[in-house]
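# Residue-level structural notes
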Amino acid sequence: MASIAVLLMLLSAALASNAAAVRVGLTRIHSNPDVTATEFVRDALNRDMHRHARFTRKLASSEGLTVAAPTRKDLPNGGEYLMTLAIGTPPLSYSAIADTGSDLIWTQCAPCGSQCFKQPGPLYNPSSSTTFGVLPCNSSASMCAALAGPSPPPGCSCMYNQTYGTGWTAGIQSVETFTFGSTPADQARVPGIAFGCSNASSDDWNGSSGLVGLGRGSMSLVSQLGAGMFSYCLTPFQDTNSTSTLLLGPSAALNGTGVRSTPFVASPTKAPMSTYYYLNLTGISVGTTALSIPPNTFSLGADGAGGLIVDSGTTITSLVDAAYQKVRAAVLSLVTLPLADGSESTGLDLCFGLPSETSSTPPAMPSMTFHFDGADMVLPAENYMISGSGVWCLAMRNQTVGAMSTLGNYQQQNIHLLYDLGKETLSFTPAKCTTL
């Protein structure tokens, strides 16, 4: 979920990370079991498109201890995975979107008026916590530090208005103790975490109470914990009950002969691109056939244009049009089913009609391989095709020339991914995420 803009104000009125590793459970659920898979994809695709459209406009206008949290799938209108954590003293459990495309950690705070969205649990009330504090605007963790200067006025605090591709949230930057871990045996309490205490938000955060940024910036959970590395394994799209784990710190390491690693591409220095995890995608194959995609198709420009990021907050992979058309043509050549218009039911461009809306099994398809620098990511058919409502569709979309491409979470299901910030690499291996 690419974070688009942050508006900062100084108002008159220390982060102390313990560098702990964190274990967080991830669970994928349907918040509305009556919503079909294709309806979900349609709604998620709309959110993805808004996110990328806002990114394009922003780019055009700008020059030892383990902690864990459970994660679950957010439906019907979102495509995100939710992690469960707790805030304050005594701890109040809440669910938040796990997002590698942004940095800010935030949740709704009481009192919260008409501009707050309905959330699944009670609101966090700062006045009920003995460990809550307002973060001074000249703190190194403050979003306002650059504007505050070396001698800010007494009582200066930082108000934020954070805009994402699909919504916004606003409040006061604060500091709290967070608790991670799904059972008492693996719980860890971490004091001094800077977070956003939001008292106004758009109504676009279905099934969650906020968001946890896992990006490269100093305010992300990864950076505040000094984790160095984190990993996650996203449960299958159609699995509504299982839980997997997000790990931050040494326990996140991947081992085994099947692990592949590719270096991150250096991010642009400008926000918001500076927070993204860019990869060098050099080609795509369908089955044994390498598609004729020019080698510089996914190159990242000096101005921040183009490139490809891996993003847990985007659902459907988007490819710059030159590559998407090659993928589309390859899939079209392999499927003998009749074409169908799935634009209304799914929002996807390439769909085929199934003989029976309820019982048809789609035909076998070869794997699709994303060739990254030094590592191949093999996607089985269920990671790039989706069926429902009588249609079977390519779960990808095209992106305009010069725009950023994104490896979305639908394509990441049942792949264990490790973000190693020390080695500056993304490692991955096929996995049965429900068993981790």
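The text that follows walks through the structure, step by step, so that each part is easy to find. Since this is a predicted model, take the numbers as computed values, not measurements.

## Concerning the packing of aromatic side chains
Scanning the model with the defined rule gives 17 aromatic pairs in all. Judged by centre distance (6.2 Å) and plane angle (55°), the ring pair of Tyr276 and Tyr278 falls under tilted. With respect to class, Tyr276 is no different from Tyr278; both count as buried. Taken together, Phe230, Tyr232, Phe264, Tyr277 and Tyr419 form an aromatic cluster joined through their ring pairs. Looking at Arg216, its charged tip hangs above the ring of Phe264, at a distance of 5.1 Å from the centre.

## Re the sheet that holds strand S21 (residues 351-353)
Read across the open sheet, the four strands follow the order S20-S21-S25-S24; overall the sheet is antiparallel. Every interior strand has two partners, whereas the edge strands, strand S20 (339-340) and strand S24 (385-388), have only one. Bridge count between S20 and S21: two bridges; the pairing is antiparallel. When the sheet's bridge partners are listed, Ala340 is paired in S21 with Cys351. Those strands touched by helix H4 (residues 321-334) are S20, S21, S24 and strand S25 (391-394), and its axis lies near 145° from that of S25.

## Description of the environment of Ser292
Relative to the helices and strands, Ser292 resides in the loop between strand S17 (289-290) and strand S18 (308-310). As a C-alpha pair, Ser292 and Lys326 span 34 residues in sequence and 7.3 Å in three-dimensional space.

## Quick word on the pattern of salt bridges
Across all of its chains, the model carries two salt bridges by this definition. With a closest N to O distance of 2.7 Å, Glu424 and Arg216 form a salt bridge. Of this pair, Glu424 sits in the loop between strand S28 (415-420) and strand S29 (425-430) while Arg216 sits in the loop between strand S11 (210-213) and helix H3 (221-225), placing them 208 residues apart in sequence. Measuring nitrogen to oxygen at the nearest pair gives 2.5 Å for the salt bridge that ties Arg328 to Asp349. With Arg328 in helix H4 and Asp349 in the loop between S20 and S21, the pair connects residues that are 21 residues apart, well separated along the chain.

## Some details on the sheet that holds strand S23 (residues 375-379)
Read across the open sheet, the four strands follow the order S17-S16-S22-S23; overall the sheet is antiparallel. If you trace the sheet from one side to the other, it starts and ends with S17 and S23, each paired once. Pairing of strand S22 (residues 368-372) with S23, which is carried by five bridges, proceeds in the antiparallel orientation. Within S23, the position partnered with Thr369 by the bridge is Val378.

## Remarks on unusual backbone geometry
The amide bond that connects Thr89 to the next residue, Pro90, takes the cis arrangement and shows omega of 5°. A cis amide bond, omega 5°, links Ala271 with the succeeding residue Pro272. Residue placement: Pro272 occurs in the loop between strand S14 (260-265) and strand S15 (278-279). Positive phi values are uncommon outside glycine, yet Ser389 reaches one of about 55°. Residue placement: Ser389 occurs in the loop between S24 and S25.

## Quick notes on the state of the cysteines
In total, this model carries six disulfides according to the counting rule given. The residue that forms a disulfide with Cys144 is Cys158, at a sulfur-sulfur distance of 2.0 Å. Across the disulfide from Cys144 to Cys158, rotation about the S-S bond amounts to roughly 70°, and the bridge is consequently right-handed. Linking Cys144 in the loop between strand S7 (133-134) and helix H2 (145-148) with Cys158 in strand S8 (residues 157-164), this pair joins segments that are 14 residues apart in sequence. Cys158 carries the same exposure label as Cys144, and that label is buried. Disulfide partner of Cys351: Cys393, at an S-S distance of 2.0 Å. Since a negative S-S torsion denotes a left-handed disulfide, the Cys351-Cys393 link at about 105° is right-handed.

What counts and what doesn't
- Residues numbered from 1 in each chain as written.
- Predicted model: local features only at pLDDT ≥ 70, side-chain atom pairs only at ≥ 80, totals over all residues.
- Heavy atoms only, no water.
- Phe/Tyr/Trp six-rings, centres within 6.5 Å; stacked < 30°, edge-to-face > 60°.
- Buried < 20%, exposed > 50% of the residue type's maximum accessible area, 1.4 Å probe, protein only.
- Lys NZ or Arg CZ within 6 Å of the ring centre and 35° of its normal.
- Pairing = 2+ DSSP bridges.
- Helix = DSSP H or I, 4+ residues; strand = E, 2+ residues; numbered from the N terminus.
- Contact = heavy atoms within 4.5 Å.
- Axes fitted to C-alpha atoms, helices over the stretch in contact; angles between N-to-C directions.
- Salt bridge = Lys/Arg side-chain N within 4 Å of Asp/Glu carboxyl O.
- Disulfide = S-S within 2.5 Å.

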